[in-house]
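Single-letter residue listing:
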Amino acid sequence: DTGVSQNPRHKITKRGQNVTFRCDPISEHNRLYWYRQTLGQGPEFLTYFQNEAQLEKSRLLSDRFSAERPKGSFSTLEIQRTEQGDSAMYLCASSLGGANEQFFGPGTRLTVL
Amino acid sequence: AQKVTQAQTEISVVEKEDVTLDCVYETRDTTYYLFWYKQPPSGELVFLIRRNSFDEQNEISGRYSWNFQKSTSSFNFTITASQVVDSAVYFCALSEPDTGRRALTFGSGTRLQVQP
C-alpha cells in the first residue's frame, strides 16, 4: 500500500534562492492539497487541486509561490526568492473526493538561511 | 468564518490514565466534517476519524472514543488507559465542502505526553 510521498524530505537554502518540492499522491486520489506547518501550530492550507485543475488558493500563497499538477498526477510547489519566513514544514495530502479524509505525506522541511 | 479551537496546549498524564482532548469549532454551514489527526514525533499526520455533521453518534475504536455534540459545537476525543505510544500532538480539523471549503482548517493542536 503506497501512501503519499514527498521529496526532498529536507531542504536547506539561502535566502533569495528558488526551491521546488514534489508530491506524489495515492494513485487513485483525485484531490491533492498543500499545507504549511510552522513550529507549534497546526497545518495551514495553501492550495488544492482536483485532478489537474487548481481550484482554491489561500491568501497565504503569495506571488512567490506557484503550484502545478500536470496530468493530474504528481504535484510540484515552487517558492521563488525564498525568505527566512518561508522556513516551515510543507505538507502534501491527497483524498478521494472532497468530503473524504485526507492522507498526508511525511512533509518537506524547508530551512532558509 | 470557520475556526477550530483546541484550548489545551499540553497535557501530561501517567500511563493507564484516561485523558480527554477538547475541540470546539465554529461554522455557519449545516453540512460539515470534523476530523482528528495524530502527529507523532516522526512528524507524519495520521488520520484517526472523520465525522459528518448529521451523525451525532459517539464512536469507539479500541481505546479511542469520540464525543460529538452539536449543541456545544464540540468534538472531544478520549483515550482510555493511555500508553506511552499515545504521546503525540493531536489535531482537530474542520472542512465545509458545500461552500467549496474542502481544505481542512486545523486547530493549534494538543501535545499529549504519557509518562511511564
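Let me sum up the structure you'll find in this document. Computed from a predicted model, the values in this text were never measured in an experiment.

With 18 residues of chain B at the interface, the matching set in chain A holds 21 residues. Approximately 1,700 Å² of surface area, both sides summed, lies buried where chain B meets chain A, with 53% of it carried by carbon and sulfur atoms. Together, Glu44(B), Leu45(B) and Arg102(B) form the three largest contributors to the area buried by chain B at its contact with chain A, with a combined 29%. Run the count over chain B and chain A and you get 1 salt bridge. Listing elements by their share of the side of chain B that touches chain A, those giving two or more residues are β5 (33-39), β6 (46-52) and β11 (101-106) of chain B. Residues belonging to the side of chain B that touches chain A are distributed by class as follows: 10 nonpolar, 4 polar and 4 charged.

On to the side chain of Gln37(A). Structurally, Gln37(A) can be placed in strand β4 (residues 31-37). By relative accessible area, Gln37(A) is classed as buried at 9%. Polar contacts involving the side chain of Gln37(A) include one to the main-chain carbonyl oxygen of Gln41(A), which spans 2.9 Å. Non-local contacts of Gln37(A), meaning those with residues more than four positions away in its chain, are made with Gly42(A), Pro43(A), Ala88(A), Met89(A), Leu91(A), Gln39(B) and Phe91(B).

Below, the discussion takes up unusual backbone geometry. Residues and elements named next belong to chain A. Backbone torsion omega between Asn7 and Pro8 reads -10°, so that peptide bond is classified as cis. By the element assignment, Pro8 lies in the loop between β1 (5-7) and β2 (10-13). Unlike most non-glycine residues, Asn51 shows phi in positive territory, near 55°. Here Asn51 lies in the loop between β5 (44-50) and β6 (53-57).

On to the environment of Glu44(B), then. Mapped onto the elements of the fold, Glu44(B) is located in the loop between β5 and β6. Residues Glu44(B) and Thr27(B), spaced 17 residues apart in sequence, show a C-alpha to C-alpha distance of 27 Å. Glu44(B) has contacts with Phe104(A), Gly105(A), Pro106(A), Lys38(B) and Gln39(B), leaving out every residue within four places of it along the chain.

Conventions adopted
Residues numbered from 1 in each chain as written. Chains lettered and ligands numbered in written order. Predicted model: local features only at pLDDT ≥ 70, side-chain atom pairs only at ≥ 80, totals over all residues. Heavy atoms only, no water. Contact = heavy atoms within 4.5 Å. Buried area = accessible area lost by both parts, 1.4 Å probe. Salt bridge = Lys/Arg side-chain N within 4 Å of Asp/Glu carboxyl O. Helix = DSSP H or I, 4+ residues; strand = E, 2+ residues; numbered from the N terminus. Nonpolar A, V, L, I, M, F, W, Y, C, P; charged D, E, K, R; others polar. Buried < 20%, exposed > 50% of the residue type's maximum accessible area, 1.4 Å probe, protein only. Polar contact = N/O pair within 3.5 Å; in protein donor to acceptor, adjacent residues only side chain to side chain.

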